[in-house]
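The residues making up each chain are set out below.
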Amino acid sequence: MLKISIITVSYNSVATIEDTIKSVLSQTYQNIEYIIIDGKSTDGTLEIINKYKDKIAKIISEPDKGLFDAINKGIRLATGEIIGILHSDDLYNNEKVISIVAKEMEEKKLDACWSDLVYVNRDDTSKIVRVWKSSSYEEGKFRKGWMPPHPTFFAGKNIFEKYGVYNLNFKLAADYELMLRFLEKYKIKSNYIPEILMKMRVGGVSNRSFKNIKTIVKSNIDCYRAFKENGLKINPLIILIKPLSKIFQSFYKN
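The rules behind the values
Residues numbered from 1 in each chain as written. Predicted model: local features only at pLDDT ≥ 70, side-chain atom pairs only at ≥ 80, totals over all residues. Heavy atoms only, no water. Helix = DSSP H or I, 4+ residues; strand = E, 2+ residues; numbered from the N terminus. Contact = heavy atoms within 4.5 Å. Salt bridge = Lys/Arg side-chain N within 4 Å of Asp/Glu carboxyl O. Buried < 20%, exposed > 50% of the residue type's maximum accessible area, 1.4 Å probe, protein only. Pairing = 2+ DSSP bridges. Right-handed = clockwise from strand over helix to strand, strands pointing away. Phe/Tyr/Trp six-rings, centres within 6.5 Å; stacked < 30°, edge-to-face > 60°. Lys NZ or Arg CZ within 6 Å of the ring centre and 35° of its normal. Arc of directions from axis to C-beta. Polar contact = N/O pair within 3.5 Å; in protein donor to acceptor, adjacent residues only side chain to side chain.

(A) Quick look at the overall build of the protein. The number of helices and strands found in the protein is eight helices and ten strands. Long-range contacts, defined as pairs at least 24 residues apart, comprise 76% of the intrachain contacts of the protein with a sequence gap of at least 6.

(B) View of the pattern of salt bridges. The tally for this structure, following the rule as stated, stands at twelve salt bridges. The salt bridge involving Arg 201 is made with Asp 19; its shortest N-O contact spans 2.8 Å. Of this pair, Arg 201 sits in strand E9 (residues 190-201) while Asp 19 sits in helix H1 (residues 17-25), placing them 182 residues apart in sequence. Residue Asp 19 is classed as partly exposed on the basis of its relative accessible area of 34%. Between Asp 222 and Arg 225 there is a salt bridge, and its shortest N-O distance comes to 2.5 Å. Within this pair, Asp 222 and its partner Arg 225 are both found in helix H7 (residues 213-229), separated by three residues, close to a single helical turn.

(C) Summary view of the side chain of Ser 115. Inspection of the secondary structure assignment puts Ser 115 in strand E6 (residues 112-120). Sequence-distant contacts of Ser 115, that is, excluding residues within four places in its chain, are made with Ser 134, Pro 149, Thr 152, Tyr 192, Ile 193, Glu 195 and Leu 197.

(D) Seen up close, the pairing of strand E1 (residues 4-10). In terms of burial, E1 is largely enclosed, as seven of its seven residues are buried. Judged by which residues are buried, E1 turns out to be covered on both faces: Ile 4, Ile 6, Thr 8 and Ser 10 on one side and Ser 5, Ile 7 and Val 9 on the other are all buried. Note that E1 and strand E2 (residues 32-38) share seven bridges and pair parallel. Residue Val 9 lies in a different strand from E2, and its bridge partner there is Ile 37. Considered for its hand, the β-α-β crossover made up of E1, H1 and E2 is right-handed.

(E) Up close: the packing of aromatic side chains. Counted by the stated rule, this structure contains twelve aromatic pairs. For the ring pair Tyr 137 and Trp 146, a centre distance of 5.9 Å and an interplane angle of 40 degrees mean the geometry is tilted. Among the aromatic side chains, those forming a connected cluster through ring pairs are Trp 114, Tyr 137, Phe 142, Trp 146, Phe 153, Tyr 176 and Phe 227. The cationic tip of Arg 225 hangs over the ring face of Phe 170; the distance from NZ or CZ to the ring centre is 4.3 Å.

(F) Spotlight on helix H3 (residues 67-77). The element H3 is largely enclosed, with a buried count of eight among its eleven residues. Within the sequence span of H3, burial applies to Phe 68, Asp 69, Ala 70, Ile 71, Asn 72, Lys 73, Gly 74 and Ile 75. Buried residues belonging to H3 abut E1, E2, strand E4 (82-85), helix H5 (157-163) and helix H6 (174-185).

(G) Structural context of helix H4 (residues 97-107). Residues Val 97, Ile 98, Val 101, Ala 102, Glu 104 and Met 105 constitute the buried set of H4. Take H4 and look down its axis: the buried residues cluster within an arc of 165 degrees, on one side only. Among the exposed residues of H4, those oriented more than 90 degrees off its buried face are Lys 103 and Glu 107. Of the residues one or two after H4, Lys 109 is the one with positive phi, at around 55 degrees.

(H) View of the environment of Val 165. Residue position: Val 165 is located in the loop between H5 and H6. In this structure the C-alpha to C-alpha distance between Val 165 and Arg 76, which are 89 residues apart in sequence, comes to 9.0 Å. Contacts of Val 165, omitting those with residues within four sequence positions, involve Asn 72, Ile 75, Arg 76, Phe 160, Leu 178 and Arg 181.

(I) Molecular detail of the side chain of Arg 181. Along the polypeptide, Arg 181 turns up in helix H6. Among the residues examined, Arg 181 registers a relative accessible area of 7% and is labelled buried. Among the polar contacts listed, one links the side chain of Arg 181 to the side chain of Glu 177, at a separation of 2.5 Å. Not counting the four nearest positions on each side in its chain, Arg 181 is found in contact with Tyr 163, Gly 164, Val 165, Asn 167, Tyr 186 and Asn 230.

See below:
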């Protein structure tokens, strides 16, 4: 049975962290290593985490250089064959998610997989705001603005060791750069799971950076840089195509 390492990064997440922890602990899969990297929270987050310390493999609370630096700490600590990221605002859609991922990765001998996700109301996670319908990867798809939903992305620990962790030079698009590097540059073996496995709170740590047009533009410039840095052919219009593509991938529920 594959060991799956789940990494949660938190910082002053007292309102949501308990839901996230329970989401992991409720999984039926029997070989999960749960790691929480906290950025020295001051709002009671750590007290909630410590309520569950007997069921969490590793807890670190110390200052960091931001979200992706904290995730990298977790990756280096992880001992599982597969690594997934669950932000402190997000939830698994049901208790079978890790079992589905483990079966997919093991039976198909994959290096990575991803799925669909739903954006949910921050205060009532049963209310779906938007759906991100993903699809399988094909060579060149990133140039058309496509990307997998990062919160649903699972990859082998050996892939991080071989091809690197999150590049901190990409402050707003380190997740995009990493998936571009793994899939488009190194052609790792991957597959799309056509199921909703993740709930992402609107306004959470995974998407709160995208509050204004200026930030969106900076993020998409980072995406352009990601192609250049990895020596990949790029569509000069990617800065415009990527946000438009995301609109078509992600639609409102009602």
